[in-house]
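# Summary of structural features
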Amino acid sequence: MSALDDYLDWRGDLGFLRDPFNEVDNLILAELSYVRFEDIVPEGFGQAVGLREAGARVARKFGMEPGQAPGALPGIGGPAGAGP
């Protein structure tokens, strides 16, 4: 996901009022919808976990370097219940 990190570093400080939602933002949300966040972020809305922290937790869980593209790792995408 290093391209995602690069984009967030480049444009992440701009709000949608200054730079409206665009195709790249849409692609990022679509890509994130495939990440299985079980055991990465808490259930419910009581505690927030930022995207960078969630990414670091995914990296630790799957033995990846932070920013490494996940490829076809177990637990990233796929049907519910798939993965480790």
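An account of the accompanying structure is given in this report. (Residues numbered from 1 in each chain as written. Predicted model: local features only at pLDDT ≥ 70, side-chain atom pairs only at ≥ 80, totals over all residues. Heavy atoms only, no water.)

## A look at the overall build of the chain
Rules: Secondary structure counts use DSSP, requiring at least four H or I residues in a row for a helix and at least two E residues in a row for a strand, with both numbered from the N terminus. Accessibility here uses a 1.4 Å probe with only protein chains present; expressed as a share of the type maximum, an area under 20% marks a residue as buried, one over 50% as exposed, and anything in between as partly exposed. In this analysis, two residues are considered to be in contact whenever any of their non-hydrogen atoms come within 4.5 Å of each other. What sets the accessible areas is the Shrake-Rupley method with a 1.4 Å probe; for residues, cover comes only from the shown protein chains.
Looking only at helices and strands, the chain has three helices and zero strands in total. Helices and strands in the chain line up, N terminus first, as α-α-α. By residue count, 23% of the 84 residues in the chain fall in the buried class. Taking the intrachain contacts of the chain between residues at least 6 apart in sequence as the baseline, contacts between residues at least 24 apart amount to 40%. A total of about 6200 Å² of accessible surface is found on the chain, and carbon and sulfur atoms cover 58% of it.

## Details of the side chain of D19
Within the secondary structure, D19 is located in the loop between α1 (2-11) and α2 (23-32). Classification of D19 by relative accessible area gives buried; the value is 18%.

## Quick look at a nonpolar patch on the surface
The following threshold applies: Residues form patches when they are more than 30% accessible in relative terms and have no salt bridge. Like charges link within 9 Å. Nonpolar side chains (Val, Leu, Ile, Met, Phe, Trp, Tyr) link within 5 Å. Salt bridge, as used here, is a side-chain nitrogen of Lys or Arg placed within 4 Å of a carboxyl oxygen of Asp or Glu.
Together, F16, F21 and L29 make up a nonpolar patch on the protein surface, roughly 330 Å² of accessible area in all. Positionally, F21 belongs in the loop between α1 and α2.

## Examining the environment of D25
Within the secondary structure layout, D25 lies in helix α2. As a C-alpha pair, D25 and Y7 span 18 residues in sequence and 9.4 Å in three-dimensional space. Beyond its immediate stretch of four places on either side in the chain, D25 contacts Y7, F16 and P20.

## Focus on the pattern of salt bridges
This model, assessed by the stated rule, comprises four salt bridges. One salt bridge in this structure joins D39 and K61, with 4.0 Å as the shortest N-O distance. On the criterion of sequence distance, the pair formed by D39 in the loop between α2 and α3 (51-61) and K61 in helix α3 is long-range, its members being 22 residues apart. Taking relative accessible area as the criterion, D39 reaches 73% and is therefore assigned exposed. You can call K61 partly exposed: its relative accessible area is 36%. For the salt bridge of E53 with R57, the shortest nitrogen-to-oxygen distance reads 2.9 Å. Note that E53 and R57 are positioned in helix α3 at a spacing of four residues, about one turn of the helix. Since its relative accessible area comes to 26%, R57 is described here as partly exposed. Within this structure, E53, R57 and R60 form a network of salt bridges that share partners.

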